[in-house]
Amino acid sequence: MTIQLPGKVKFIIDTLSHAGYEAYAVGGCVRDSMLGRIPGDWDITTSASPEQVKQLFPRTVDTGIQHGTVTVLEGKESFEVTTYRIDGEYEDQRHPKEVTFTSNLLEDLKRRDFTINAMAYNETEGLIDAFGGMEDMQKKVIRCVGNPVDRFTEDALRMMRAVRFSAQLGFAIDRDTRAAISQLAPNLKNISAERIQTELVKLLISDHPEEMHTIYESGLSRVFFPEFDAMMRTPQNNRYHCYNVGEHSIVAMQNIPGEVVLRLTMLLHDVGKPVCKSVDQDGIYHFYGHPAQGAKMAKDILRRLKFDNDTISRVTALIAWHDDRPLLEEASVRRAIHRVGLEQYPALFAVKRADTLAKNQFRRKEKLGLIDKYEAFYHNIMEKKQCLTLKDLAINGKDLMGLGMKQGKEIGAALNRLLMHVLATPEDNTREILIDLIKTEQKVE
Ligand code: ATP
Ligand code: MG
């Protein structure tokens, strides 16, 4: 088996070998190459110490020098070159207390999480596969290197990684590895929210977001996302649904492109339902107010998982309005665009379609038809380049100050009133008309 190494990777490996050191491409890039997937980044493992690596390459960054990692810059690209190491004892299931450098490649491969991630390659030696990585790749399984209970006890994040690799690659998790996850899931509490977020996002945007099932069944969600457990335990006894809240959300994710904001929105769009559930005298379930409640809860959850503010505001806006159904006439749609926010508004159609496709067949065609019509209204409005935000108004705060308004609050409120007016009557968005409107208001007062 050969792997086509990128020129720069080959150059780094050759430079190290000519200087008398061993060097290999390792981990994810070897795995992905063997699977015919395009590697995201190329990591290099070497017997050279960080100091020796730095002497050989003119442009380097000390990325994690205490762990043996130096980033080598080649043109605009960068490559992590890490010295062969043995991870010392792990403190609190998080970080190795200390790392020891070693001259033995196999020792370095042994510390890696899964067999498919523990292979190395260079052009002279070919593939180094000491733990059956190729075999597991053919069998499509995720299996720990060594004893899974020990490996997950060393670093609890590996449990999340197992599920996310399974989601990215469409592999099953080996029986013993899976059993160890169920056993040790509570240890995930020792892992930082940032590290959990990284793995969760990779899982959600993968081809198999339905692996959220495994996250639930193994007890992992209970630790970092108990709201999801509540969703999985909430049936929806009404004519629209055929799944419980959690399963409906998973199917909705499967019906939307693998993009972070979209997948998070579908994952969380009904997170408010367990709290909003009511049962009528016929035993039918209702979830009044769940979009607003869900937006509130999603904000807390996403904050807790350390998502950035932009992602949080987009996702929560889409959740708050996922059930919004304005009258299909232009003024109402313009107001809806304003409510939801111009930036995330177009995503709302994908959200509504995914939500519909995750329900039963009841009136499905009709509902999809309405979404198409709604979207057509949106495109029509956008083509006309009408005013949809405060920025598009023909006057601004300064103009209002010129008319005698002083306080920011007063000016803000007046601008909003004008925007509401213009959303209803776009042709009024001229300086003269808007100034007249304000003057009339002032006279009435
Ligand atoms: P991706 O394509 O998502 O980057 P990757 O396999 O390259 O996948 P990284 O997180 O970049 O994953 O890690 C690079 C390599 O380092 C892995 O392939 C694995 O060999 C090793 N590794 C990373 N994290 C751990 C961990 N928590 N425990 C053991 N080994 C790990
Ligand atoms: Mg990687």
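Relevant structure appears above.
K.L.:
I'd like a rundown of the overall build of the protein, residues and numbers included.
P.N.:
A tally of regular secondary structure across the protein gives 23 helices and 15 strands. Here the C-alpha coordinates of the protein stretch approximately 85 × 60 × 40 Å along the principal axes. Residue burial in the protein is summarised as follows: out of 445 residues, 50% are buried. Of the roughly 21,400 Å² of accessible surface on the protein, a fraction of 50% belongs to carbon and sulfur atoms.

K.L.:
A description of helix H23 (residues 431-444) should follow, citing residues and the corresponding values.
P.N.:
Turn by turn, an α-helix covers 3.6 residues, leaving residues three or four places apart pointing in a common direction. With 14 residues, H23 should cover 20 Å at 1.5 Å per step; its first-to-last C-alpha distance of 20 Å lies within 8% of that length. Turning to H23, the residues buried within the fold contact helix H21 (397-402) and helix H22 (408-424).

K.L.:
With reference to specific residues and values, describe the sheet that holds strand E11 (residues 126-128).
P.N.:
Across a sheet, paired strands are connected by hydrogen bonds in the backbone, their directions being either parallel or antiparallel. Read across the open sheet, the seven strands follow the order E3-E4-E5-E2-E1-E10-E11; overall the sheet is mixed. One side of each edge strand has no neighbouring strand; the edge strands of this open sheet are strand E3 (60-64) and E11. Strand-to-strand twist of the sheet, defined as the mean angle between neighbouring strand axes without regard to direction, takes the value 35°. Note: strand E1 (residues 23-26) against strand E10 (residues 120-122), two bridges, orientation antiparallel.

K.L.:
Tell me about the nonpolar core, and name the residues and values.
P.N.:
In a soluble, globular protein the nonpolar side chains are often hidden away together inside. Met-212, Leu-220, Phe-224 and Tyr-345 are the most contacted members of the largest nonpolar core, which has 113 residues in total. Take this core: its biggest share by element is eight residues, from helix H7 (residues 157-169). Once residues within four sequence positions are removed from consideration, Tyr-345 is found in contact with Val-333, Ala-336, Ile-337, Val-340, Tyr-374 and Tyr-378. Membership of the second largest hydrophobic core comes to seven residues, among which are Val-26, Tyr-84, Leu-105 and Ala-120.

K.L.:
Let's hear about the packing of helix H14 (residues 260-268) against helix H19 (residues 347-357): which residues, and what values?
P.N.:
Between H14 and H19, the shortest axis-to-axis distance is 10 Å and the interhelical angle comes to 40°. Between H14 and H19, the angle is such that the two are oblique. Crossing geometry of H14 relative to H19 is assigned as right-handed. Of H19, the residues touching H14 (which contributes Leu-262, Thr-265 and Met-266) are Ala-347, Val-351, Ala-354 and Asp-355. Of the residues belonging to the contact of H14 with H19, the class tally is five nonpolar, one polar and one charged.

K.L.:
Talk me through unusual backbone geometry; I want residue IDs and the actual numbers.
P.N.:
Most peptide bonds adopt trans geometry, and most residues besides glycine take a negative phi value. Of note in this structure, Lys-306 is not a glycine but carries a positive phi near 65°. When you line up the elements, Lys-306 lands in the loop between helix H16 (290-304) and helix H17 (309-320). Lys-306 gets classed as partly exposed once you look at its relative accessible area, which sits at 46%. Positive phi is not limited to glycine here, since Lys-385 has a value of about 50°. On the secondary structure map, Lys-385 appears in the loop between helix H20 (364-383) and H21.

K.L.:
Would you mind going over the pairing of strand E4 (residues 69-74) in detail, with residue names and values included?
P.N.:
Each regular strand shows side chains that alternate between the opposite faces of the sheet. Burial runs high along E4: five of the six residues are buried. Here three bridges tie E3 to E4, and the two strands are oriented antiparallel to one another. Its bridge partner lying in E4, Val-61 is registered against Thr-71. The hairpin turn running from E4 into strand E5 (residues 77-83), its antiparallel successor, is two residues long, and Gly-75 in that turn takes a positive phi close to 60°.

K.L.:
Can you lay out the pattern of salt bridges for me, pointing to particular residues and giving the numbers?
P.N.:
As enumerated under the stated definition, the model contains 35 salt bridges in all. For Asp-62, the salt bridge identified is with Lys-54, shortest N-O distance 3.0 Å. Exposure remark for Asp-62: the relative accessible area of 40% places this residue in the partly exposed category. Residue Asp-155 is joined to Arg-158 by a salt bridge in which the shortest nitrogen-to-oxygen separation is 3.9 Å.

K.L.:
Can you explain the side chain of Arg-151? Please cite residues and give values.
P.N.:
Along the chain, the position of Arg-151 falls in helix H6 (residues 148-154). The class of Arg-151 is buried, set by a relative accessible area of 7%. At a separation of 3.1 Å, a polar atom in the side chain of Arg-151 contacts the main-chain carbonyl oxygen of Lys-110. Reaching out from Arg-151, the side chain makes a polar contact with the backbone oxygen of Arg-112 at a distance of 3.3 Å. In this structure Arg-151 touches Lys-110, Arg-111, Arg-112, Cys-144, Val-145 and Arg-158, once residues within four positions along its chain are discounted.

What counts, and where the lines are drawn
- Residues numbered from 1 in each chain as written.
- Chains lettered and ligands numbered in written order.
- Predicted model: local features only at pLDDT ≥ 70, side-chain atom pairs only at ≥ 80, totals over all residues.
- Heavy atoms only, no water.
- Helix = DSSP H or I, 4+ residues; strand = E, 2+ residues; numbered from the N terminus.
- Buried < 20%, exposed > 50% of the residue type's maximum accessible area, 1.4 Å probe, protein only.
- Areas by Shrake-Rupley, 256 points an atom, 1.4 Å probe, with all protein chains shown as cover.
- Expected span 1.5 Å × (residues − 1).
- Contact = heavy atoms within 4.5 Å.
- Pairing = 2+ DSSP bridges.
- Axes fitted to C-alpha atoms, helices over the stretch in contact; angles between N-to-C directions.
- Core = buried A, V, L, I, M, F, W, Y, C linked by side-chain atoms within 4.5 Å.
- Parallel < 35°, antiparallel > 145°, perpendicular 65-115°, else oblique.
- Left-handed = near helix turned anticlockwise from the far one by under 90°.
- Nonpolar A, V, L, I, M, F, W, Y, C, P; charged D, E, K, R; others polar.
- Salt bridge = Lys/Arg side-chain N within 4 Å of Asp/Glu carboxyl O.
- Polar contact = N/O pair within 3.5 Å; in protein donor to acceptor, adjacent residues only side chain to side chain.

Interpretation in functional terms is not warranted from these geometric data alone.
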